[in-house]
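Single-letter residue listing:
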Amino acid sequence: MSNATQTSREAVLARIQASSKDSVILEEMQRLGFWPAGSGTPDQQRATELISQEQALLSELRELNQKLSIAKDPVAALKALNKQRMAEAKARREQTRLAAAQRRYEKAAAWHARRALDIGYLGEGVSQSLSDARTDPHRLAARELPVLDSPKVLADAMGITVEELRFLTFHRSVSRISHYRRFGIPKKTGGLRMISAPMPRLKRAQYWVLDRVLAKLPVHDAAHGFVPGRSIVSNATPHAGQAVVVNFDLKDFFPSISYQRVRGLFQTFGYSRQLATLFAMICTELPTDEVSIDGLHFHVQNGERHLPQGAPCSPTITNLLCRRLDTRLAGLAKRLGFIYTRYADDMTFSADAASAGNLPRLLWQVKRIIAEEGFTLHPDKQRIMRNSARQEVTGVVVNHHPTVCRETLRRFRATLYQVEKDGPQGKAWNGNGDVLNALAGYARFVKMVDPAKGGPLCAKVAAVQAKWGDNASQPRGQYYRLFREASVAGKALPSHQWQAKRQPAPTLEKTATQLQQEKQATRQAESDQAAAVAAETIASAAALPTTHTQSGELIERNAVSADAIPPNVHEDVPASVYLQLAMQFVLMLVSGLLTGNVLMAMASVGWMWFGFKRRRANWWLWLGVYFACRLLWRLTTA
């Protein structure tokens, strides 16, 4: 407590009441340096001891008097006992609240720490497997796969946080956001092929799963789609020069592979059900319909989770899931004298003239095996091609050797000539308005199938691009390559990019008593600071006497000086109180002036002073005063 607070009039009176006048005078003389503490004469030390003994005796006598007064008055004694019991009960309730707040804080802190290391919950219908964290490290090591035993380890390997991993894998039936951008591209046979392209953040995670896990696993030799070192040419070459070529197409190939099948695939690698669930949530999508309500856009579930067509992981996952299908179909083809290859959902069988008689048996067995493996044949895309007509496999003509269609190649050369002559404006290739890039892509396709024909075409297309193309535009292949390398390496995103929001750490809840104590402490500190500033101002304005002055006079002067600046008693009073007081004053004054009631007009001034003194606006009391003034005035003037 500051000196200004100690020497105020109220503080001095309180100290005298708590001890004695002589004790307070001695303390002030010692504080101001007029009586050295602990270094006086024996008489002075004796006086100090006597004053201290007197103070102790007075305190003891005061306590005895209080106990005696209580003992003489049973009502007061019972009141004091009840007051003590209420204080003890209040203290117990406060301790109970503090203990409950501490338990809630510890529980919230434990949950917060767990959320930073574990997934916990991923939504309804997919979270029941998160408790099983049993990973088989031996099976993973045998396949040279990364050994992961927790979501935290997986997130660190991907270069993301557990919060972002939860954000990418959380299952919501209704959501404001979508991790996929959906659009349609035209098919050769008509209609649209729906593509679900993942957003960059999800694509980073899918690239990591593809290159660090899926790409290390072997696929069947008959699978040629999206396999390094294989292509549509390698898929078509085994069927060149055959007497009969049969082509099957699977209906809704990617959507027919469910989330459960993908999760089971990762479990067969040796990962726990917990990590397999996370991998499956990363690699599958939830089909939704976009709905707008009151200007807000929602994505509402309209089906079960399945493999998206357009994600980096989907083709490799299908190749791994179709290993048993490929094995059974390859064995069937070998028994019947056929050759079997598969490119994604396009399955091709071929045989020479000696084995072509087994075609009816092949067709029946293929349909049975495909149905048993959980797929459905497309009824409109089954083709049987004899060598007397054009035989085409994944866009490559295979009647004698792999080549391109002559009619398409003739149409390509005509389009290329027109573009070279007149420019690309108003021209298209196979429905693609970006004719220069479309022609360049087809020229590379021809070169891949038949290098002798494709080499000159690529050179000619390059010349046309140099003549009519925009040299300022740069290919984005470099960007995608660097993006994939950074994703596979698990590099963290730059700090300026959006980061998944982290939950704030929990804080210990304060009770109402603690809040009240803090508020009182703040007010006391502000009051002490204001008193100290006032004391410094007074001390600088008038020098305090230092000689020929008694200690009591100094105490009195300091007390008066401290009281010279009254505290702001109206600081914590709401403004509405003063507004009501003003309304009461105006109503009473106007009523008195209009009715000629002098007593009421004078009472309005007294009521204003009374209200400001009490800092309260009591309407019931005001009405009593109002009607009393009217009654007294009538009695006086009657």
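Residues numbered from 1 in each chain as written. Predicted model: local features only at pLDDT ≥ 70, side-chain atom pairs only at ≥ 80, totals over all residues. Heavy atoms only, no water.

**Concerning the environment of Glu290**
Then, in step 1: Turning to its location among the elements, Glu290 is positioned in strand S5 (residues 288-293).
Then, in step 2: Ignoring sequence-local partners within four residues, the contact set of Glu290 consists of His297, Phe298 and His299. (Helix = DSSP H or I, 4+ residues; strand = E, 2+ residues; numbered from the N terminus. Contact = heavy atoms within 4.5 Å.)

**Some details on the pairing of strand S3 (residues 192-198)**
Two faces belong to every sheet, and in a regular strand the side chains alternate between them.
Then, in step 1: In terms of strand pairing, strand S2 (residues 180-186) meets S3 through seven bridges, oriented antiparallel. The residue bridging Ile185 from the neighbouring strand is Arg193, located in S3.
Then, in step 2: The antiparallel hairpin formed by S2 and S3 contains five residues in its connecting segment, where Gly190 sits at a positive phi of about 100 degrees. (Pairing = 2+ DSSP bridges.)

**Notes on the packing of aromatic side chains**
Then, in step 1: All chains considered together, the criterion is met by 18 aromatic pairs.
Then, in step 2: Where Tyr207 meets Phe483, the ring centres are 6.2 Å apart and the plane angle is 70 degrees; that geometry is what we call edge-to-face. Note that Tyr207 is positioned in helix H9 (residues 200-212) and Phe483 in helix H19 (residues 477-489), a separation of 276 residues in sequence.
Then, in step 3: Residue Tyr207 is classed as buried on the basis of its relative accessible area of 14%.
Then, in step 4: The buried category is assigned to Phe483, whose relative accessible area is 17%.
Then, in step 5: With 5.7 Å between their ring centres and 35 degrees between their planes, Phe253 and Phe375 make a pair best called tilted. (Phe/Tyr/Trp six-rings, centres within 6.5 Å; stacked < 30°, edge-to-face > 60°. Buried < 20%, exposed > 50% of the residue type's maximum accessible area, 1.4 Å probe, protein only.)

**Focus: the sheet that holds strand S6 (residues 296-301)**
Then, in step 1: The strand order S1-S6-S5 describes an open sheet built from three strands, whose pairing is antiparallel. One side of each edge strand has no neighbouring strand; the edge strands of this open sheet are strand S1 (174-175) and S5.
Then, in step 2: For S1 and S6, the ladder comprises two bridges, and the chain directions are antiparallel. Residue pairing for S6: Ser175 is matched across the bridge by His299.

**Details of the state of the cysteines**
Then, in step 1: All chains considered together, the criterion is met by zero disulfides.
Then, in step 2: Of all cysteine sulfurs, the one in Cys313 lies closest to Cys283, which takes part in no disulfide; the gap is 3.9 Å. (Disulfide = S-S within 2.5 Å.)

**A few points about helix H22 (residues 575-595)**
Then, in step 1: Here H22 spans 31 Å end to end across 21 residues, near enough to the 30 Å set by a 1.5 Å rise per residue.
Then, in step 2: Regarding H22, the residues found buried are Val577, Tyr578, Leu581, Gln584, Met588, Ser591 and Gly592. Each buried residue of H22 sits inside an arc of 165 degrees when the element is viewed along its axis, so together they form one side. For H22, exposure combined with an orientation more than 90 degrees from the buried face picks out Ala575, Leu579, Leu593 and Leu594.
Then, in step 3: Tucked inside the fold, the buried residues of H22 contact helix H23 (598-614) and helix H24 (619-637).
Then, in step 4: Within two residues after H22, Gly596 carries a phi angle of roughly 70 degrees, on the positive side. (Expected span 1.5 Å × (residues − 1). Arc of directions from axis to C-beta.)

**Observations regarding a nonpolar patch on the surface**
Then, in step 1: Among the surface-exposed residues, Leu579, Met583, Leu587 and Trp619 lie close enough to one another that they form a single nonpolar patch of about 380 Å² accessible area.
Then, in step 2: No other element matches the three residues that H22 contributes to the nonpolar patch.
Then, in step 3: Within the secondary structure, Met583 is located in helix H22. (Patch = residues over 30% accessible without salt bridge, like charges linked within 9 Å, V, L, I, M, F, W, Y side chains within 5 Å. Areas by Shrake-Rupley, 256 points an atom, 1.4 Å probe, with all protein chains shown as cover. Salt bridge = Lys/Arg side-chain N within 4 Å of Asp/Glu carboxyl O.)

**Structural notes on the environment of Tyr626**
Then, in step 1: In this fold, Tyr626 is placed in helix H24.
Then, in step 2: C-alpha of Tyr626 to C-alpha of Ser591: the two residues are 35 residues apart in sequence and 9.4 Å apart in space.
Then, in step 3: When near neighbours in sequence (up to four residues on either side) are disregarded, Tyr626 contacts Met588, Ser591 and Met600.

**As for the side chain of Gln206**
Then, in step 1: Residue placement: Gln206 occurs in helix H9.
Then, in step 2: Setting aside anything within four residues of it in sequence, one finds Gln206 in contact with Tyr180, Pro198, Ile282, Cys283, Ala311, Pro312 and Cys313.

**With respect to the side chain of Asp132**
Then, in step 1: Looking at the secondary structure, you find Asp132 in the loop between helix H5 (74-115) and helix H6 (137-142).
Then, in step 2: Asp132 sits in the buried class, given a relative accessible area of 15%.
Then, in step 3: Of the polar contacts made by the side chain of Asp132, one reaches the side chain of Arg134; its length is 2.9 Å.
Then, in step 4: Setting aside its immediate chain neighbours within four residues, Asp132 contacts Ser272, Arg273 and Gln274. (Polar contact = N/O pair within 3.5 Å; in protein donor to acceptor, adjacent residues only side chain to side chain.)

**Comments concerning the sheet that holds strand S7 (residues 339-343)**
Then, in step 1: Read across the open sheet, the four strands follow the order S7-S8-S4-S9; overall the sheet is antiparallel. Taken across any chain shown, the strands that pair with only one partner, and hence form the sheet edges, are S7 and strand S9 (383-386). Along the sheet, successive strands turn relative to each other by an average axial angle of 15 degrees, direction set aside.
Then, in step 2: Taken together, the six bridges between strand S4 (residues 244-249) and strand S8 (residues 346-351) define a ladder with antiparallel strand orientation. Each residue of the ladder has a partner; that of Val246, found in S8, is Phe349.
Then, in step 3: Contacts from helix H14 (residues 323-336) reach S7 and S8, with the element oriented near 155 degrees to S7.
Then, in step 4: Packing against the sheet, helix H15 (residues 359-372) makes contact with S4, S8 and S9, and its axis sits at approximately 20 degrees to S4. (Axes fitted to C-alpha atoms, helices over the stretch in contact; angles between N-to-C directions.)

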